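Working through the structure, step by step
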Amino acid sequence: MNPKDGKLLWSYKAKDSIRHNTICLSGNILYFIDRPLAEADSYSLALAKRRGKSAKAIHKTGLLIALDSKSGKKKWQNDKEIYGTLLCADSKSQTLLMTYSFTSWKLPSEVGGKMTAFDMSSGKLRWHKKTVSGGYSKRSRPVLLGKRIFMEPAVYDISTGKVLDMKINRSYGCGLN
């Protein structure tokens, strides 16, 4: 949309669904994941689960897409194991991080446990890692800062995904030290 006159410049019709936590803008490129809705996230299955019936958190993979934010023209698309419910971008390292929105207010499909880094200019896979478990407070999302990814309870190297010898200590409330 043109911010000066409000006219529509372009639009994108989702193949399936775009979760708001997967929308990420860096420079003039808009990144997002288009994938089917997870059955386990529906109200009827959540209600069944609360009543003691089983509800599996099956969530089909989707498409990681990059569009030019000014024209809407597709820059690239990746359809290889696109599982995430959250994207983060770091323009300096040209890293697009896909993971789950694994917080205390998560949906059943947001199972956590892994993260994947892509090259922002091509969408090509850089690395895929399991995340460190234990001590995860379910209060924070990943922060990409410099050469590091801060994702409670661990800190990772942004270029390799390797766990660094650093600890995240939580202070009162939202603070980390």
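If you're wondering where the values come from, they're calculated on a predicted model, not measured in any experiment.

**Digging into the nonpolar core**
- With 15 residues, the main nonpolar core has Tyr-31, Leu-64, Leu-87, Leu-96 and Met-98 as its most contacted residues.
- Going through the elements one at a time, strand S2 (29-34), strand S3 (62-68), strand S4 (74-82) and strand S6 (95-99) are the ones with two or more residues in this core.
- In terms of residues, this core owes the most to one element, S2, which gives three residues.
- Beyond its immediate stretch of four places on either side in the chain, Tyr-31 contacts Thr-22, Ile-23, Cys-24, Ser-26, Ile-65, Ala-66, Trp-76, Leu-87, Leu-96 and Met-120.

**A look at unusual backbone geometry**
- The peptide bond linking Glu-152 to Pro-153 adopts the cis configuration, its omega dihedral lying at 10°.
- With respect to the helices and strands, the residue Pro-153 is situated in the loop between strand S10 (148-151) and strand S11 (154-157).
- If you check the backbone angles, Glu-81 has positive phi at about 55° while not being a glycine.
- In this structure, Glu-81 sits in strand S4.
- You can call Glu-81 exposed: its relative accessible area is 59%.

**A few points about the pattern of salt bridges**
- For the coordinates displayed, the defined rule picks out two salt bridges.
- Close ionic contact of Lys-15 with Asp-16 constitutes a salt bridge, the shortest N to O distance being 3.6 Å.
- A residue is classified by how much of its surface remains accessible, and Lys-15, at 63% relative accessible area, is exposed.
- Arg-126 is paired through a salt bridge with Asp-119; the nearest N and O atoms lie 2.8 Å apart.

**Regarding the sheet that holds S4**
- Here four strands make up an open sheet; going across it, the order is S1-S2-S3-S4 and the pairing antiparallel. Lying at the two open borders of the sheet, with one neighbouring strand each, are strand S1 (24-26) and S4. Taken pair by pair, the neighbouring strands of this sheet meet at an average axis angle of 20°, ignoring direction.
- One ladder, built from six bridges, connects S2 with S3; its direction is antiparallel. Paired with Ile-33 across the strands is Leu-64, a residue of S3.

About the cut-offs
- Residues numbered from 1 in each chain as written.
- Predicted model: local features only at pLDDT ≥ 70, side-chain atom pairs only at ≥ 80, totals over all residues.
- Heavy atoms only, no water.
- Core = buried A, V, L, I, M, F, W, Y, C linked by side-chain atoms within 4.5 Å.
- Buried < 20%, exposed > 50% of the residue type's maximum accessible area, 1.4 Å probe, protein only.
- Helix = DSSP H or I, 4+ residues; strand = E, 2+ residues; numbered from the N terminus.
- Contact = heavy atoms within 4.5 Å.
- Salt bridge = Lys/Arg side-chain N within 4 Å of Asp/Glu carboxyl O.
- Pairing = 2+ DSSP bridges.
- Axes fitted to C-alpha atoms, helices over the stretch in contact; angles between N-to-C directions.

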